[in-house]
Amino acid sequence: MFTMNASLENIKNGINELDQFNSTKGQGTTRILFTDVELEAREYIKDKMKMNGLTVEEDAIGNIFGVLEGQDPKLPPIWSGSHIDTVKHAGKFDGMAGVIAALEAQRMIKEAGMKHKRTIKSVVFTSEEPTRFGLCCLGSRALAGELQRKDLREICDEDEESLEQVLERLGYDLNAFHLIKKSNHDVYASVELHIEQGAVLEQLGKPIGIVDAIAGPSNITVTIEGVQEHAGSTPMPIRVDALTAASEIVLKVEALAKGSSSEHTVGTVGFMEVYPNASNAIPGKVTFTIDLRDSDMAVKEEVLQELLSSFKEIESKRQVSIHYVVDNHDQPMHCDNHINSMIEKICLRKSIDYNRMISGAYHDSIFVGKFAPISMIFVPSQGGLSHNPNEWTDFEDIKLGTEILAESLLTLANE
Ligand SMILES: [Zn+2]
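Residues numbered from 1 in each chain as written. Predicted model: local features only at pLDDT ≥ 70, side-chain atom pairs only at ≥ 80, totals over all residues. Heavy atoms only, no water.

The chain is annotated in an unreviewed UniProt entry as Zn-dependent hydrolase of Anaerosacchariphilus polymeriproducens.

Peer 1: Break down the packing of helix α3 (residues 96–111) against helix α11 (residues 395–413) for me, citing the residues and quoting the values.
Peer 2: Viewed as axis vectors pointing N to C, α3 and α11 meet at an angle of 55°, and their least axial separation amounts to 9 Å. Here α3 is positioned oblique relative to α11, judged by the angle of their axes. Crossing of α3 against α11: the hand is right-handed. Across the interface between the two elements, A97, A101, A102, E104, A105, M108 and I109 from α3 touch I398, T402, E403, L405, A406, L409 and L410 from α11. (Axes fitted to C-alpha atoms, helices over the stretch in contact; angles between N-to-C directions. Helix = DSSP H or I, 4+ residues; strand = E, 2+ residues; numbered from the N terminus. Parallel < 35°, antiparallel > 145°, perpendicular 65-115°, else oblique. Left-handed = near helix turned anticlockwise from the far one by under 90°. Contact = heavy atoms within 4.5 Å.)

Peer 1: Just give me the short version of the UniProt feature "binding site: Zn(2+) 2" (unreviewed entry) in the chain, but keep the residues and values in it.
Peer 2: When the UniProt feature table is mapped onto this chain, "binding site: Zn(2+) 2" (unreviewed entry) is found at D94, E129 and H387. For this annotated set, covering 294 residues, all C-alpha atoms fall within 10.4 Å of each other, a compact arrangement in space. What E129 contacts, discounting residues up to four positions off in sequence, is H83, D85, T86, V87, D94, L135, C136 and H387. With respect to the helices, strands and loops of the structure, H387 is situated in the loop between β16 (374–379) and α11. Residue H387 is classed as partly exposed on the basis of its relative accessible area of 40%. (UniProt positions renumbered as here; feature names shortened; annotations may be inferred. Buried < 20%, exposed > 50% of the residue type's maximum accessible area, 1.4 Å probe, protein only.)

Peer 1: Please provide a residue-by-residue account of the packing of aromatic side chains, values included.
Peer 2: Enumeration over the complete set of coordinates arrives at 9 aromatic pairs. Ring geometry for F34 against Y172: centres 5.7 Å apart, planes inclined by 40°, an arrangement best described as tilted. Here Y172 lies in the loop between α5 (163–169) and β5 (189–195) and F34 lies in the loop between α1 (8–18) and α2 (36–51), a separation of 138 residues in the sequence. For Y172, a relative accessible area of 14% gives the class buried. In textbook terms, an aromatic cluster arises when at least three aromatic residues are bridged by ring pairs, as seen for F65, W79, F125 and F371. Against the face of F65 rests K121, its NZ or CZ located 5.6 Å from the ring centre. Over the aromatic face of Y275 sits the side chain of K285, whose NZ or CZ is 4.9 Å from the ring centroid. (Phe/Tyr/Trp six-rings, centres within 6.5 Å; stacked < 30°, edge-to-face > 60°. Lys NZ or Arg CZ within 6 Å of the ring centre and 35° of its normal.)

Written as structure tokens, this is what we have:
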């Protein structure tokens, strides 16, 4: 049994030092892909890996690996990691906790002189957040083969600079891009520690979550066209108001998610633009997004179909026209039962209370799971806050999660 403790100091310092690379100090943490602060944070992590005696590898999209070599380096390795990029004005734990935990777990295993057959790699996945290029999980997506060399030219940031241009400018070897993709059995297993980003653990008073599945998001962009007219002189019966039609859909999303047969269905309309957006004009056009998630694809499918068929009813009832694009309709990812029962046993042996749960948020593990067995360990988020400057997780909870992570990695590395 592995009893070595994680160092609270290392975890605290790692997260706080990483947080110095921040372009909005005093207003939360902002570290956007391949900006100066993000590049500095990458150097910080690589230096830390070297200081911990790891070999550093980096692939053609900037995924960073810290290699702790096992006794049999030919065996498929174990991975653990997360991301260091953020949304704008975020917190310092989302992603970073998982990277620092992986580095600390490797240090514990190395310093305790624990033997392991398989190599253990800590990983920093490039750009989990879609902040710069509008597409999430760039690094893990490429590892899964779902982002290819030819796509790089099409993916542009707000300044119309393509991912291809940025990577080339930074000296990444795009001729080696085809080497990024992993196949089944290239990686034996992967375990990511992450903050929960919800309040389930806090409400249950449990320090650890073991993730059974990561919900797959579906994103739909809807445009409704009505007739823009004077708010004073157009009688109610003849109005074709795009916003009241949109409102019906917003409520429909909520009702369908609440009434679905799965307790994990969530539906959100979080973005809306109203034209002309004037107090004295009947809205002639509304554009909004629908975010629908579930850990059960069949249920999500059902909800989506019901939602789309309601569009037709609303169209004929209100004389508006509704156009929509399903931007993505992703499968949920199920975590590996074998890894999860192993993590469960570790918790039981250490008398740590845990909760088996669903991740409503997506993570790099959703793509890693396409080529390797995965699991995730959650630690509590205070008040459930995330993507927020007030995001907080107690360092003691990260320490506990790191100890469970270290033991999980060591067990897997000896299988
Ligand atoms: Zn994250």
